[in-house]
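The chain contents come next:
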Amino acid sequence: MFALNASRAVYLHQGAVDFRKSINGLASVVEHGLGLDAFAQALFVFANRRRDRIKILGWDVNGFWLLHKRLEKDRFIWPRGEAGVVTLSVEQLHWLLKGVDIQALRGHRAASYQCAA
């Protein structure tokens, strides 16, 4: 069974993708456009120009999964990055799918001390 578990890496393609592409076309973008291994234990996320649809490509043991989500009214808030790909955690992917602006979320700064007492 294909799972979106925390051990998978998540890569977001920055540019818009022609949504006529299916598994073979998206795997080609992963390998030739991003320089990544399409067979890795990873999820590759693509969006259309309007950012109201996404496709997620992933390899599972003996075949590819292709998940497609279409929003009826809203748009996905795509994180900006300088490279052609942005790396996320699976938790951040879930937030993206729910419509959360993941770049606006900031946790507490890490604290470090020399001694406890």
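Below you will find a few notes about this structure. (Residues numbered from 1 in each chain as written. Predicted model: local features only at pLDDT ≥ 70, side-chain atom pairs only at ≥ 80, totals over all residues. Heavy atoms only, no water.)

## Description of the sheet that holds strand β2 (residues 42–47)
Here comes step 1: What the five strands build is an open sheet, ordered β4-β3-β2-β1-β5; its pairing is mixed. Looking at strand neighbours, the two that pair on one side only are β4 (63–70) and β5 (85–88), the edges of this open sheet. Neighbour-to-neighbour, the strand axes of the sheet open up by a mean angle of 20 degrees, direction not taken into account.
Here comes step 2: Relative to β5, strand β1 (residues 9–16) is paired through four bridges, and the arrangement is antiparallel. When the sheet's bridge partners are listed, Leu 12 is paired in β5 with Val 86. (Pairing = 2+ DSSP bridges. Helix = DSSP H or I, 4+ residues; strand = E, 2+ residues; numbered from the N terminus. Axes fitted to C-alpha atoms, helices over the stretch in contact; angles between N-to-C directions.)

## Notes on the nonpolar core
Here comes step 1: Membership of the largest hydrophobic core comes to 17 residues, with the highest contact counts inside it found for Val 10, Leu 12, Val 45, Ile 54, Ile 56, Trp 78 and Leu 93.
Here comes step 2: Among the elements that make up this core, the one with the highest residue count is helix α2 (residues 90–98) (four residues).
Here comes step 3: Here Ile 54 is in contact with Phe 19, Val 45, Phe 46, Ala 47, Leu 67, His 68, Lys 69, Phe 76, Trp 78 and Leu 97, once residues within four sequence places are set aside.
Here comes step 4: Counting ten residues, the second-largest nonpolar core is a separate cluster that includes Leu 26, Ala 38, Ala 42 and Phe 46. (Core = buried A, V, L, I, M, F, W, Y, C linked by side-chain atoms within 4.5 Å. Buried < 20%, exposed > 50% of the residue type's maximum accessible area, 1.4 Å probe, protein only. Contact = heavy atoms within 4.5 Å.)

## A closer look at the pattern of salt bridges
Here comes step 1: Applying the stated criterion across every chain, the model contains three salt bridges.
Here comes step 2: Arg 50 is the salt-bridge partner of Asp 52, the closest N and O atoms lying 3.6 Å from each other. (Salt bridge = Lys/Arg side-chain N within 4 Å of Asp/Glu carboxyl O.)

## As for α2
Here comes step 1: Listing the buried residues of α2 in full gives Val 90, Leu 93, Leu 96 and Leu 97. Buried residues of α2, viewed axially, fall in a sector of 110 degrees; they line one side.
Here comes step 2: Elements in contact with the buried residues of α2: β1, β2, β3 (53–60), β4 and β5.
Here comes step 3: Backbone geometry just after α2 places Gly 99 at a positive phi near 95 degrees. (Arc of directions from axis to C-beta.)

## Re helix α1 (residues 23–33)
Quick reminder: α-helices carry 3.6 residues per turn. Residues three or four places apart thus point the same way.
Here comes step 1: Every buried residue of α1 is listed here: Leu 26, Ala 27, Val 29 and Val 30. End-on view of α1: buried residues confined to an arc of 150 degrees, all on one side of the axis. Counted as exposed and oriented over 90 degrees from the buried face of α1: Asn 24, His 32 and Gly 33.
Here comes step 2: Positioned one or two residues after α1, Gly 35 has a phi angle of 70 degrees, which is positive.

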